[in-house]
Structures are given as C-alpha cells and as structure tokens.
Amino acid sequence: MAKLWITRPMTAAVTARAQAEFDVDLRQDTGVLSRAEMLRALRDYDVVMPTLGDGFSAEIFAEAGPSRCRLLANFGVGFNHIDVAAAQAQGVAVSNTPGAVTDATADIALTLILMSARRASEGERLVRSGNWPGWHPTQMLGQHVSGKRLGVLGFGRIGQAIARRCHHGFGMEVFYVARSDKDAGFVATRMPDVVSLAREVDVLVVAVPGGGETRHLVDAEVLAAMRPEAHLVNIARGEVVQQQALISALQDGRIAGAGLDVYEFEPEVPQALRDLDNVTLLPHLGTATEEVRSAMGHMALDNVAAFLAGKPLPNPV
Ligand code: NAP
C-alpha cells in the first residue's frame, strides 16, 4: 500500500479520514519541516501533504535525487514554498486547495480593513491599559470606510471575494490590478499598474500569490503613491510587500495605517513593526476556522485519493 505523510497535525475530521483511507504517518510537530525531514519526505513516502513554510526548493529536489514521492498534495492554495518546476522535473506532481480558503481569507481582509481604518487594535490596547479617559467627540478619529475607494492587487478568487464584500456591504468603488480583465459581476475598474492603483484608492489590499514574480510588488514607490489617509492591507504573502519600506512609511505617517496577516520573514515580526500603533498585526489567521481547515484537508486528501487511484488530480498546479 502506498505510504502518505501528513506534515502537520490536522483537524479531527481530516485525521480520521486519513487514517481510515490511507497508510498514513502523522507528524505531530507544528513547525516547518527541517531539511532532513524534506529529504526523508521525498525518499521514504509515495505521497506527502506539505504546507506553508515547507521549503521544497530546487536544491532539496536535487539533493534528494530520484524520489519515491510522486505527489506533493499541498495543504493550502498558496504554493510559493514549493519549486513546482523542480518538482515536475523530478516527476513529482503538485496539487493545492483553491476555493476552500476564499471566503475565510476575504473575511480576514475585511477584519483588517475595519481594524486599521477604525484604529481597533490601538483602541483595544488603550482600554486594556486602564488609561482610557472616556468618550469625547474627537477621541481616536479614524477613517470612514463606507463609500470609499478600494484597490485590490490580484483580482482572483480571494481578491474578488474581498471586493464583493466591500462593494455590496460598504458601497465601496472598486479598482484592481491583475494580468487580465475580470468580470466580477459588478463595476470594477482595471488599472494599468500598481502605482496608478495606489494613487487612486483609500484602501489598498494585496491578494496576489507569492513567489518571484510578485516579490516586492508593493515597494517604496507604490507606498509613496498612496494618499496619507490611505491604509494598506496584506492577506497574501509577506514578501509581496517590501517590509522595510512599509515600516518607514508607517513611522513617517506617510500612510495612515496597515493591516497585516502575513510578514516578509514570517514568523519573525520586526520590533519596529510591533512598536507602531498604526499597524494591526494578525498571526496568519486567513483560513483559521475549524470548517475551513477541514475543507482544505479533505480537498488535499481528495487529490491524494485521485492520484493513488490513477485518476487526474482535481486541483493540479
Ligand atoms: P487566484 O485566484 O489565483 O488569484 C490570484 C490573482 O493574482 C489573479 O487575479 C491573478 O491575475 C493575479 N496575479 C498573479 N500574478 C500577478 C502579477 N504578477 N501581477 C498582477 N496580478 C497578478 O488566487 P487566490 O485563491 O485568490 O489566492 C491568492 C493568494 O492568497 C494565494 O496564492 C495565497 O498566497 C494567499 N492566501 C493567503 C491566505 C492567508 O491565510 N492569509 C489564505 C489563502 C490564500 P490573473 O488572473 O489575471 O492571472
């Protein structure tokens, strides 16, 4: 029987199904795979379910040599931690879990938009400090979100789900950047480049995949194009935003605030960022609900099952 390795503890539902259907080893560690573990994954298992941070680079595939592993069934839609070309060159297929994550991640983007614009983190810290002097008409004035202009960088499944919420829920006007025209079912204006998008909007949300092509797409020039009252939200991947340039822009008050779910050198979050009041910091919560993590696990296992039955992968990348 083919051997499966699941590289992180899963929800009870996903664990039970994996044990019922497959010859599976369940890794109990919640940290990312070490180099030695990645080599073992490729050499000792037929199928592996890796996830965020498991860096299956070209060097790892080269060092592992001809591998027993034939499928990396990634748990998550983002697969920028896997060098897909190097995997395929070694005969290792890769799948992911699109769709299962869309609504939950869009919800976290809305959480960050509102928290950043309305200074919710700062306000909560004030109440917890015991130093809140009480309500007054000019206390902690933030930005009104309703009716404002939203910019979405990366207008795919998650980007459009964010825009839908902002358009229908908050009457926001939507602008976006993607590589091709999209029909979101409501008016959304495609902008020619990220700087033009940044210049136009009150809230700029990053929703492109990570990887070489999108690294530092939001750099000092883009941040300089944003209005001083605008907010930046990143729910995509940390490396899409040049973190040091963002810290400078926030320190100098050149933008009003930022809401982050992801970080350039995750899980490291620089002290300079933690010291700032005008940034909301979440620990990569995008898909963190029981239902969604189970749906992601089932989708990954559906790919494992199809692969082992010799059928086409439902979600190849
Ligand atoms: P998707 O449907 O593939 O959408 C990606 C969008 O980005 C598409 O509109 C695509 O444009 C655009 N894009 C790609 N490369 C681009 C580039 N170089 N310049 C401009 N636009 C570009 O993906 P998704 O399901 O929405 O997921 C997006 C990302 O969110 C994932 O890859 C993952 O990294 C991240 N994510 C984060 C969390 C979290 O927990 N925070 C959870 C889930 C996902 P075209 O369609 O025109 O090619």
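Residues numbered from 1 in each chain as written. Predicted model: local features only at pLDDT ≥ 70, side-chain atom pairs only at ≥ 80, totals over all residues. Heavy atoms only, no water.

Peer 1: Quick one: what's the story with the overall build of the protein chain, residue by residue and with numbers?
Peer 2: Scanning the protein chain for helices and strands turns up twelve helices and twelve strands. Here the C-alpha radius of gyration of the protein chain, 21 Å, is about what a compact globule of 317 residues would show, namely 20 Å. Along the longest, intermediate and shortest principal axes, the C-alpha atoms of the protein chain span 70 × 45 × 35 Å. Taking all 317 residues of the protein chain together, 50% fall into the buried category. A separation of at least 24 residues holds for 62% of the contacts in the protein chain among residues at least 6 apart in sequence. One finds the centroid of the 29 positive side-chain charges in the protein chain at a distance of 2 Å from the centroid of its 36 negative side-chain charges. (Helix = DSSP H or I, 4+ residues; strand = E, 2+ residues; numbered from the N terminus. Rg over C-alpha atoms; globule rule 2.2 N^0.38 Å. Buried < 20%, exposed > 50% of the residue type's maximum accessible area, 1.4 Å probe, protein only. Contact = heavy atoms within 4.5 Å. Lys, Arg positive; Asp, Glu negative; His and termini not counted. Charge placed at Lys NZ, Arg CZ, Asp CG, Glu CD.)

Peer 1: So what's going on with the pairing of strand β2 (residues 23-26)? Which residues, and what values?
Peer 2: Bridge count between strand β1 (residues 3-6) and β2: four bridges; the pairing is parallel. Opposite Leu-4, over in β2, you have Val-24 as the bridge partner. After leaving β1, the chain enters helix α1 (residues 12-21) and then returns to the sheet as β2, a path that is right-handed. (Pairing = 2+ DSSP bridges. Right-handed = clockwise from strand over helix to strand, strands pointing away.)

Peer 1: Could you give me a rundown of the site of the ligand, with the residues and numbers involved?
Peer 2: Around the ligand lies a shell of 25 residues, among which Ile-158, Arg-179, Ser-180, Lys-182 and Ile-235 are the nearest. Between the ligand and the protein, one listed contact pairs an oxygen atom with a backbone N or O atom of Gly-286 at 3.4 Å. Coverage of the ligand by the protein chains reaches 87% of its 950 Å² of free accessible surface. When the residues that make up the shell around the ligand are grouped by side-chain class, the tally is ten nonpolar, nine polar and six charged. (Near = heavy atom within 4 Å. Polar contact = N/O pair within 3.5 Å; in protein donor to acceptor, adjacent residues only side chain to side chain. Areas by Shrake-Rupley, 256 points an atom, 1.4 Å probe, with all protein chains shown as cover. Nonpolar A, V, L, I, M, F, W, Y, C, P; charged D, E, K, R; others polar.)

Peer 1: Can you explain the sheet that holds β2? Please cite residues and give values.
Peer 2: Spatially, five strands are ordered β2-β1-β3-β4-β5 in an open sheet, and the strand pairing comes out parallel. Here the strands that pair on one side only, and so sit at the sheet edges, are β2 and β5 (93-95). Within the sheet, the average angular offset between the axes of one strand and its neighbour, ignoring direction, is 20 degrees. Here β1 pairs with strand β3 (residues 47-49) via three bridges, running parallel. What sits directly across from Trp-5, in β3, is Val-48. Docked against the sheet, helix α12 (residues 290-308) engages β1, β3, β4 (71-73) and β5, running at close to 170 degrees with respect to β3. (Axes fitted to C-alpha atoms, helices over the stretch in contact; angles between N-to-C directions.)

Peer 1: Quick rundown of the packing of aromatic side chains? Include the residues and the values.
Peer 2: A complete count under the given rule lists three aromatic pairs for this structure. When the centroid spacing of 5.2 Å and the interplanar angle of 10 degrees are considered together, the rings of Trp-5 and Tyr-45 count as stacked. One end of the pair, Trp-5, is in strand β1; the other, Tyr-45, is in the loop between α2 (35-44) and β3, and 40 residues separate them in sequence. Across the pair, Tyr-45 and Trp-5 agree in class, each one buried. For the pair Phe-56 and Phe-61, a centre-to-centre distance of 6.2 Å together with 40 degrees between the ring planes defines the contact as tilted. Exposure remark for Phe-56: the relative accessible area of 0% places this residue in the buried category. Under the relative-accessibility criterion, Phe-61 is labelled buried at 2%. (Phe/Tyr/Trp six-rings, centres within 6.5 Å; stacked < 30°, edge-to-face > 60°.)

Peer 1: Could you give an account of helix α5 (residues 102-117), with specific residues and numbers?
Peer 2: Under the 1.5 Å per step criterion, the end-to-end length of α5 is 23 Å for 16 residues, consistent within 8% with the ideal 22 Å. All of the buried residues along α5 are Thr-102, Ala-104, Thr-105, Ala-106, Ile-108, Ala-109, Leu-110, Leu-112, Ile-113, Ser-116 and Ala-117. Looking one or two residues past α5, Arg-119 carries a phi angle of roughly 55 degrees, positive in sign. (Expected span 1.5 Å × (residues − 1).)

Peer 1: So what's going on with helix α7 (residues 157-170)? Which residues, and what values?
Peer 2: Its 14 residues place the ends of α7 19 Å apart at the C-alpha level, agreeing with the 20 Å of an ideal helix rising 1.5 Å per residue. For α7, the complete set of buried residues consists of Ile-158, Gly-159, Gln-160, Ala-161, Ile-162, Ala-163 and Cys-166. Those residues of α7 that are buried lie in contact with α5, β6 (149-153), β7 (173-177) and β9 (203-206). Within two residues after α7, Gly-171 carries a phi angle of roughly 60 degrees, on the positive side.

Peer 1: Break down unusual backbone geometry for me, citing the residues and quoting the values.
Peer 2: Residues Glu-266 and Pro-267 are joined by a peptide bond in cis, for which omega reads 5 degrees. Within the secondary structure, Pro-267 is located in the loop between β11 (257-260) and α11 (271-274). Even without a glycine there, the phi angle at Met-140 is positive, about 45 degrees. Relative to the elements of secondary structure, Met-140 occurs in the loop between α6 (120-129) and β6. The exposure class assigned to Met-140 is partly exposed, which follows from its relative accessible area of 23%. Phi angles above zero are rare outside glycine, and His-284 is one such case at about 50 degrees. Checked against the element boundaries, His-284 lands in the loop between β12 (279-281) and α12.

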